[in-house]
Amino acid sequence: MAFFVQRVYYVPHRDLLVLAGRPDPTVPVAGGAIDLPEDLKGPGWVPIADVQTIAFADGAERTCVIVDYTHLEQAPLMEFSDLEGKPLSLRRP
């Protein structure tokens, strides 16, 4: 199971990281986990706080995986943009 990240957004007033993209083939679920790879200076497996489908300005709807920023504090050198265009592994709860 993978999630193909198209865009990454940080929501500072809520301390959230939003990964917008498309699942293949299984949709991620809250309570599962997503791998933010250590080779990209990520923390590894982090819990998924929420999953939402969001309509973007271009008219496309994208699946968004939401992660609490507190899980990323152990990886301060990770560049969020490095996740764009990458397939990230998923785990079911």
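Everything numeric in this text was worked out from a predicted model, so none of it was measured.

**Section: the overall build of the protein**
Tallying secondary structure elements over the protein gives zero helices and seven strands in all. What you see in the protein, going N to C, is helices and strands ordered as β-β-β-β-β-β-β. Here the protein has a C-alpha radius of gyration of 12 Å; the compact-globule value for 93 residues is 12 Å, and the two agree. Considered along the principal axes of its C-alpha atoms, the protein spans approximately 35 × 30 × 20 Å. For the protein, the residues scored as buried account for 38% of the 93 residues in total.

**Things to note about the sheet that holds strand E6 (residues 61–68)**
Here seven strands make up an open sheet; going across it, the order is E4-E3-E7-E1-E2-E6-E5 and the pairing antiparallel. One side of each edge strand has no neighbouring strand; the edge strands of this open sheet are strand E4 (44–47) and strand E5 (50–55). Ignoring strand direction, the axes of neighbouring strands in this sheet form an average angle of 40 degrees. Across six bridges, E5 lies against E6 in antiparallel orientation. Each residue of the ladder has a partner; that of Asp-50, found in E6, is Ile-66.

**Remarks on the pattern of salt bridges**
For the coordinates displayed, the defined rule picks out two salt bridges. Among the ionic pairs, Arg-62 bridges to Asp-58, the shortest N-O distance being 3.0 Å.

**Considerations on the packing of aromatic side chains**
Per the counting criterion, the structure on display carries four aromatic pairs. A network of ring pairs unites the aromatic residues Tyr-10, Tyr-69 and Phe-80 as a single cluster. Note that Arg-22 overlies the ring of Phe-4, its terminal NZ or CZ placed 4.7 Å from the centroid. If you follow Arg-62 out to its NZ or CZ, it ends over the ring of Phe-56, 4.8 Å from the centre.

**A few points about the side chain of Asp-35**
Looking at where Asp-35 falls in the secondary structure, it is placed in strand E3 (residues 33–36). Here Asp-35 is buried and forms no salt bridge, its nearest opposite-charge partner Arg-91 lying at an N-O distance of 7.4 Å.

How each quantity is defined
- Residues numbered from 1 in each chain as written.
- Predicted model: local features only at pLDDT ≥ 70, side-chain atom pairs only at ≥ 80, totals over all residues.
- Heavy atoms only, no water.
- Helix = DSSP H or I, 4+ residues; strand = E, 2+ residues; numbered from the N terminus.
- Rg over C-alpha atoms; globule rule 2.2 N^0.38 Å.
- Buried < 20%, exposed > 50% of the residue type's maximum accessible area, 1.4 Å probe, protein only.
- Pairing = 2+ DSSP bridges.
- Axes fitted to C-alpha atoms, helices over the stretch in contact; angles between N-to-C directions.
- Salt bridge = Lys/Arg side-chain N within 4 Å of Asp/Glu carboxyl O.
- Phe/Tyr/Trp six-rings, centres within 6.5 Å; stacked < 30°, edge-to-face > 60°.
- Lys NZ or Arg CZ within 6 Å of the ring centre and 35° of its normal.
- Lys, Arg positive; Asp, Glu negative; His and termini not counted.

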